[in-house]
Amino acid sequence: MIVRSFAPIAAPDAHTLILGSMPGIASLEAGQYYAHQRNAFWPIMGALYGAGPDLPYAERVSALKASGVAVWDVLQSCVREGSLDADIRSEVPNDFAGFFAAHPAIRRIGLNGGKAAATFRKYAARCLPVGARVQALPSTSPAHAARGIEEKCTIWRVALLS
């Protein structure tokens, strides 16, 4: 099945970009980034930026934008059955040259998981803004439970706020 990503969450003055690979089934059905209840993304965003899962989605989005944080996916579309990154085929990347031109203040890029890191290196690294720092981060997906949420949050905090 062909799946498509969402438009980015991004204010024009965003300085930090968090990239996933492609929304999973729960997110696609909800029309929201990181909608799976066990995904650690929104709890981590709550700890870092006050955009926690206790807030309505629109308020979380507003809190991220107000904090200068953008959220998007490396891939615009792909073929995938289910939600696992390992099942992604026929990748089509998003337009990073256009995104970075429209968001010239981006200086930090956090890559949510191994697939986001690999596909970013493959498709978007050549478009990287001068001076931007890229950091691969542990996946917030519930499929990647080797690290607890507290450990993931600490790693994300160091990468995005230091």
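Placed above this text is the structure.
Calculation notes
Residues numbered from 1 in each chain as written. Predicted model: local features only at pLDDT ≥ 70, side-chain atom pairs only at ≥ 80, totals over all residues. Heavy atoms only, no water. Phe/Tyr/Trp six-rings, centres within 6.5 Å; stacked < 30°, edge-to-face > 60°. Buried < 20%, exposed > 50% of the residue type's maximum accessible area, 1.4 Å probe, protein only. Core = buried A, V, L, I, M, F, W, Y, C linked by side-chain atoms within 4.5 Å. Helix = DSSP H or I, 4+ residues; strand = E, 2+ residues; numbered from the N terminus. Contact = heavy atoms within 4.5 Å. Salt bridge = Lys/Arg side-chain N within 4 Å of Asp/Glu carboxyl O.

Draft legend 1. Local environment of the packing of aromatic side chains. Enumeration over the complete set of coordinates arrives at eleven aromatic pairs. Ring centres of Tyr34 and Phe41 lie 4.0 Å apart, and the angle between their planes is 20 degrees; this geometry places the pair in the stacked category. Like Tyr34, the residue Phe41 is buried in the burial classification. With relative accessibility at 0%, the residue Phe41 sits in the buried group. An aromatic cluster of three or more residues is present, and its members are Phe6, Tyr33, Tyr34, Phe41, Trp42, Tyr57 and Trp156.

Draft legend 2. Structural detail: the nonpolar core. In this structure, Leu17, Leu19, Met45, Phe96, Ile109, Phe120 and Trp156 are the most contacted members of the largest nonpolar core, which totals 48 residues. In terms of residue count, helix H2 (residues 41-49) provides more of this core than any other element does, six residues in total. Dropping the residues within four chain positions of it, Phe120 is found in contact with Leu19, Val74, Phe96, Phe100, Ile109, Leu111, Ala125, Leu128 and Val134.

Draft legend 3. Representation of the pattern of salt bridges in the model. Per the counting criterion, the structure on display carries three salt bridges. With a shortest N-O distance of 2.7 Å, Lys115 and Glu91 are connected by a salt bridge. Of this pair, Lys115 sits in helix H5 (residues 114-123) while Glu91 sits in strand E5 (residues 89-93), and the two are 24 residues apart along the sequence. Judged by relative accessible area, which is 22%, Lys115 ranks as partly exposed. Here the salt bridges share partners, and the residues they tie into one network are Glu91, Lys115 and Lys122.

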